Amino acid sequence: VARVRSFDHSGKDIENEPLYEISVQEEITARLHFIKFENTYIETCLDFIKDHLVNTETKVIKATGGGAYKFKDLIEKKLGLKVDKEDVMTCLIKGCNFVLRNIPHEVFAYQKDSDTEFRFQTNHPNIFPYLLVNIGSGVSIVKVETEDKFEWIGGSSIGGGTFWGLGALLTKTKKFDELLQLASKGQHTNVDMLVKDVYGGAYQTLGLSGNLIASSFGKSTTADKEFSKEDMAKSLLHMISNDIGQLACLYAKLHNLDKIYFGGFFIRGHPVTMRTITYSINFFSKGEVQALFLRHEGYLGAIGAFLKGAEQDNPNQYSWGENYAGSSGLMSTSPDVYPMQRTRSGTFDMLEMDRLERPLVNLPLLKDPSTYIPDTVDLTDDAMARKYWLTCFEEALDGVAKRAAASQPDSIDALQRAEKFRQKYWNKLQTLRQQPFAYGTLTVRSLLDTREHCLNEFNFPDPYSKVKQKENGIALKCFQSVIESLDSLGWEERQFALVKGLLAGNVFDWGAKAVSDPEYVGFLLQEGPPHKCALIFADNSGIDIILGVFPFVRELLSRGTEVILACNSGPALNDVTYSESLIVTERIAAMDPVIQSALREEKLLLVQTGSSSPCLDLSRLDKGLAVLVRERKTDLVIIEGMGRAIHTNYYAALKCESLKLAVIKNSWLADRLGGKIFSVIFKYEVPCK
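Residues numbered from 1 in each chain as written. Predicted model: local features only at pLDDT ≥ 70, side-chain atom pairs only at ≥ 80, totals over all residues. Heavy atoms only, no water.

- If you look the protein chain up in an unreviewed UniProt entry, it shows as 4'-phosphopantetheine phosphatase from Bubo bubo.
- Heading Sequence similarities (unreviewed entry) of the UniProt record for the protein chain holds this comment: "In the N-terminal section; belongs to the type II pantothenate kinase family." (UniProt positions renumbered as here; feature names shortened; annotations may be inferred.)

Rendered as structure tokens:
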């Protein structure tokens, strides 16, 4: 992590001294690693655990599911640990609640024939109640009402084991993935009897289409021929998926639930399975119930078992975030039909999650958290925009790698690490070209966040730290003269100058495609009663925050408005971080009595957002910030910068007045929004009463 710390300048000439010292140091934090492997490779997996994860303090290993019984003796013998078996259903529910709370875009609906096959859902603040249909060997159907209240309400013996068993008898194929592969190539209508085969067309009276399956395997009784393995596997997959879909739908109706999550090894992210279940649910519920799938459904039991073992540390008091650098994308590598060609471990799927230091919650001022979508453009949907932005990030990559290496001139391996970063992020971009849905909805924000994760992976926590330090020092030297010239202006002129200053400062952005002086566009702020409290989300270091944001903050304070200034918890590009803002504010206060008294009287409060991204997700903000916003009865929100006000939150609806402002520093985006490069966005919104 990157740390900044004020120098002790007592009694020294500080004119030419750097503003603060920067250090990069290791910090112990928690990261969860999940890995999915076939049971065939259990011994290899246990060898890995023994070599890397078992230490003298480890006494117990948590396990759940059938393997906790099947491999208990092997695990205990190999690792010299006691196996603690945890209840499989409790673990599944705990794991499911955990991913629903902590991973945005965890849930998706599947639509095979639409342009975008995967429709990712936004995280609803209230995840309960829901139905979990777990399809393993058989089917378990569980109604989940709260974190700890759930009940098994039904199930079926016809599940994944049935597909595997009957499939093996019909096709002589013993491997599950091979069966799925056969099914994906088959044509079920060669084996199944359809409504039109019985009635010569659709059954109009009952509203049944002619292509509906009337009888699974129905043609095998009359047709005097051999059926292909592919066709039989496809027919079997349809039969079992349809049956499960109808059963799930009936239980959902019976218990008045409209959300059904499907999990278990049977699904495996397999398109034909998801398509059939979706069709079945849609058909039997007449569109009232939605079939939903989970990106990480294969890990629910393992996550639940971990949480059971970690109860003394209460993992629920933290928030967690998916680390894109170490996670495989959804379907980015399909289960291999030929395991012998696979690497020794047989791994085809991984997930990494980082613990965030404090819980993240919704901004209390969001108009409707359940419909809030942070991102302005969905690149999964928009092929033209996707192509442009992926190319944009590819073209910028060499420059970012050079910047990373240059930021650590004293490190002997900085160049090698920068090259590893470049390679890893390049590979991620190629995956996203092929599978834009790999990590959920693809957006400019997710591309930026993935880049930050990859930089961190190779120990570049803050490549722009020296640039920011220099820019902050230069801007501070100009602060007093800017304030003096503003104070000499009349009220109306000053409002124009303040807004111009905000926008001019925002041009100095190292994440932008182009940086230069804008043509100023002035806007008049209405004179009227002061706001009670303004929340400002700041953007860049240097000129932006010191000569743009702070004079604006000072004006609000002078009018009697309290100010909450929110900065990133961790570094991203040249954005100002919370720890940097503390040092900068201390320096400004030493020069300016308005800021000094506001700090002393707690009318100016500095807080962290909980984010380490150039963009802003108002549904995942630091809990302390949310508490302050409520306590101070915030009635104005100001969001500044391209990442926070255009790539995200351009359409965000708030309960109070808001001001979104930025300078467009990307010609393609300016064109897309109907303007020119360096056009100004100044969006003042008053909520409808």
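Thoughts on the state of the cysteines
Alright, step 1. Applying the stated rule across the entire model yields zero disulfides.
Alright, step 2. Summary of cysteine pairing: cysteine 45 is not part of a disulfide, and the nearest cysteine sulfur, belonging to cysteine 91, is at 17 Å.
Alright, step 3. You can see cysteine 249 has no disulfide; the closest cysteine sulfur is in cysteine 96, sitting 19 Å from it.
Alright, step 4. Looking at cysteine 249, the relative accessible area reads 1%, which means it is buried. (Disulfide = S-S within 2.5 Å. Buried < 20%, exposed > 50% of the residue type's maximum accessible area, 1.4 Å probe, protein only.)

Points about the pairing of strand E14 (residues 290-294)
Alright, step 1. E14 sits mainly inside the fold: four of its five residues count as buried.
Alright, step 2. Across four bridges, the pairing between strand E13 (residues 259-263) and E14 is parallel. Looking across to E14, one finds that isoleucine 260 is bridged to alanine 291.
Alright, step 3. Where the polypeptide runs from E13 across helix H9 (residues 271-285) and back to E14, its parallel neighbour, the crossover connection is right-handed. (Helix = DSSP H or I, 4+ residues; strand = E, 2+ residues; numbered from the N terminus. Pairing = 2+ DSSP bridges. Right-handed = clockwise from strand over helix to strand, strands pointing away.)

Structural notes on the sheet that holds strand E19 (residues 562-567)
Each strand in a sheet pairs with its neighbour through backbone hydrogen bonds, running either in the same direction (parallel) or in the opposite one (antiparallel).
Alright, step 1. A sheet is described by the order of its strands in space; here six strands give the open sequence E20-E19-E18-E22-E23-E24, paired in mixed fashion. Both edges of this open sheet fall to strand E20 (604-608) and strand E24 (680-685), since each of them pairs with a single strand only. In this sheet, neighbouring strand axes are inclined to one another by 15 degrees on average, regardless of whether the strands run parallel or antiparallel.
Alright, step 2. In the packing of helix H17 (residues 578-591) onto the sheet, contacts are made with E19 and E20, and the angle to E20 comes to roughly 155 degrees. (Axes fitted to C-alpha atoms, helices over the stretch in contact; angles between N-to-C directions. Contact = heavy atoms within 4.5 Å.)

A word on the nonpolar core
Alright, step 1. By size, the foremost hydrophobic cluster in this structure holds 44 residues, and its most contacted members are Ile536, Ile545, Ile546, Phe550, Leu565 and Leu604.
Alright, step 2. Considering every element that reaches this core, the biggest residue donor is helix H16 (residues 543-558), with nine residues.
Alright, step 3. Setting aside residues no more than four positions away along its own chain, leucine 565 makes contact with Ile536, Ala538, Ile545, Val549, Phe550, Leu604, Leu605, Leu606 and Val607. (Core = buried A, V, L, I, M, F, W, Y, C linked by side-chain atoms within 4.5 Å.)

Focus: the environment of serine 579
Alright, step 1. Among the structural elements, serine 579 can be located in helix H17.
Alright, step 2. For serine 579 and arginine 3, which are 576 residues apart along the polypeptide, the C-alpha to C-alpha distance reads 8.0 Å.

Some thoughts on the confidence of the model for the protein chain
Alright, step 1. Scored by pLDDT, the protein chain has a mean of 88; 92% of the residues are at 70 or more.
Alright, step 2. The model gives residues 333-347 a pLDDT under 50, and that stretch makes 21 contacts with residues more than four places away or in other chains.
Alright, step 3. Of the regions scoring below 50 in pLDDT, residues 512-525 engages in 37 contacts with residues more than four places distant in sequence or in other chains. (pLDDT = per-residue confidence, 0-100.)

Observations regarding the packing of aromatic side chains
Alright, step 1. One pass over the structure, following the stated rule, counts 24 aromatic pairs.
Alright, step 2. Judged by centre distance (5.0 Å) and plane angle (85 degrees), the rings of phenylalanine 283 and phenylalanine 284 are edge-to-face.
Alright, step 3. Taking relative accessible area as the criterion, phenylalanine 284 reaches 33% and is therefore assigned partly exposed.
Alright, step 4. Ring-pair connections join several aromatic residues into one group, and the members of that group are Phe108, Tyr110, Phe118, Phe120, Phe262, Phe293 and Phe437.
Alright, step 5. If you follow lysine 36 out to its NZ or CZ, it ends over the ring of tyrosine 299, 5.6 Å from the centre.
Alright, step 6. For the cation-ring pair, lysine 683 lies above tyrosine 650, with the distance from its terminal atom to the ring centre recorded as 4.0 Å. (Phe/Tyr/Trp six-rings, centres within 6.5 Å; stacked < 30°, edge-to-face > 60°. Lys NZ or Arg CZ within 6 Å of the ring centre and 35° of its normal.)

Observations concerning the side chain of serine 156
Alright, step 1. By the secondary structure assignment, serine 156 is in strand E10 (residues 150-156).
Alright, step 2. Only 2.9 Å separates the side chain of serine 156 from the backbone nitrogen of isoleucine 158, close enough to count as a polar contact. (Polar contact = N/O pair within 3.5 Å; in protein donor to acceptor, adjacent residues only side chain to side chain.)

A closer look at the environment of phenylalanine 118
Alright, step 1. Following the sequence through the fold, phenylalanine 118 ends up in strand E7 (residues 118-120).
Alright, step 2. When the C-alpha atoms of phenylalanine 118 and alanine 438 are compared, they prove to be 9.7 Å apart, with 320 residues separating the residues in sequence.

Remarks on unusual backbone geometry
Alright, step 1. Cis geometry marks the peptide bond from phenylalanine 128 to proline 129, where omega comes out at -10 degrees.
Alright, step 2. Positive phi, close to 65 degrees, is recorded for phenylalanine 217, a residue that is not glycine.
Alright, step 3. Relative to the assigned elements, phenylalanine 217 resides in the loop between strand E12 (213-215) and helix H8 (229-254).
Alright, step 4. Backbone geometry places leucine 573, a non-glycine residue, at a positive phi of 50 degrees.
Alright, step 5. Take leucine 573: it is sitting in the loop between E19 and H17.

Observations concerning a nonpolar patch on the surface
Alright, step 1. There is a patch of nonpolar side chains on the surface, built from Leu166, Leu169 and Leu170 and spanning about 270 Å² of accessible area.
Alright, step 2. Overall, the relative accessible area of 34% leaves leucine 170 in the partly exposed class. (Patch = residues over 30% accessible without salt bridge, like charges linked within 9 Å, V, L, I, M, F, W, Y side chains within 5 Å. Areas by Shrake-Rupley, 256 points an atom, 1.4 Å probe, with all protein chains shown as cover. Salt bridge = Lys/Arg side-chain N within 4 Å of Asp/Glu carboxyl O.)

So, the pattern of salt bridges
Alright, step 1. Evaluated as defined, the whole model comprises 35 salt bridges.
Alright, step 2. Across the salt bridge formed by lysine 62 and glutamate 86, the nearest N and O atoms sit 2.7 Å from each other. Of this pair, lysine 62 sits in strand E4 (residues 60-64) while glutamate 86 sits in strand E5 (residues 82-86), and the two are 24 residues apart along the sequence.
Alright, step 3. Across the pair glutamate 555 and arginine 494 runs a salt bridge whose closest N-O atoms are separated by 2.9 Å. With glutamate 555 in helix H16 and arginine 494 in helix H15 (residues 491-506), this residue pair connects regions lying 61 residues apart in the sequence. Neither residue differs from the other here; glutamate 555 and arginine 494 are each classed as buried.
Alright, step 4. Through salt bridges with shared partners, a single ionic network connects Arg31, Glu352, Asp354 and Glu457.

Concerning helix H12 (residues 414-434)
The periodicity of an α-helix, 3.6 residues per turn, causes residues three or four places apart in sequence to face the same way.
Alright, step 1. Its 21 residues place the ends of H12 31 Å apart at the C-alpha level, agreeing with the 30 Å of an ideal helix rising 1.5 Å per residue.
Alright, step 2. Every buried residue belonging to H12 is among Ala414, Arg417, Ala418, Phe421, Tyr425, Lys428, Leu429 and Leu432, and all of these are buried. Down the axis of H12, the sector holding all buried residues measures 110 degrees, keeping them to one side. Turned more than 90 degrees off the buried face of H12, the exposed positions are Leu415, Lys420 and Gln434.
Alright, step 3. Considering only its buried residues, H12 is in contact with helix H11 (383-406) and helix H13 (444-457). (Expected span 1.5 Å × (residues − 1). Arc of directions from axis to C-beta.)

Here's the deal with the packing of helix H1 (residues 42-52) against helix H3 (residues 72-79)
Alright, step 1. Between H1 and H3, whose axes approach to 10 Å, the crossing angle comes to 35 degrees. H3 is crossed by H1, and the crossing has right-handed handedness. Between H1 and H3, the contacting residues are Ile42, Glu43, Leu46, Asp47, Ile49 and Lys50 on the first element and Leu74, Ile75, Lys78 and Leu79 on the second. (Left-handed = near helix turned anticlockwise from the far one by under 90°.)

As for the side chain of threonine 64
Alright, step 1. Mapped onto the elements of the fold, threonine 64 is located in strand E4.
Alright, step 2. On the accessibility criterion, threonine 64 (19% relative accessible area) is buried.
Alright, step 3. Only 2.9 Å separates the side chain of threonine 64 from the backbone oxygen of glutamate 86, close enough to count as a polar contact.

So, the sheet that holds E7
Alright, step 1. Across the sheet, seven strands lie side by side as E7-E6-E14-E13-E8-E9-E10; this open sheet has mixed pairing. Only two strands of the sheet have a single partner each, and these edge strands are E7 and E10. Across the sheet, the axes of successive neighbouring strands diverge by a mean angle of 30 degrees, strand direction being ignored.

What about H16?
Alright, step 1. Taking 1.5 Å per residue as the helical rise, H16 with its 16 residues ought to reach 22 Å, and the 21 Å between its terminal C-alpha atoms agrees with that figure.
Alright, step 2. A bend of about 35 degrees at valine 549 is the largest found in H16, and the proline proline 551 appears one to four places after it.
Alright, step 3. With 14 of 16 residues buried, H16 is to be regarded as a mostly interior element.
Alright, step 4. Following H16 by one or two positions, glycine 560 adopts a phi angle in the positive range, close to 100 degrees. (Bend = angle between axes of the 7 residues up to and from the residue.)

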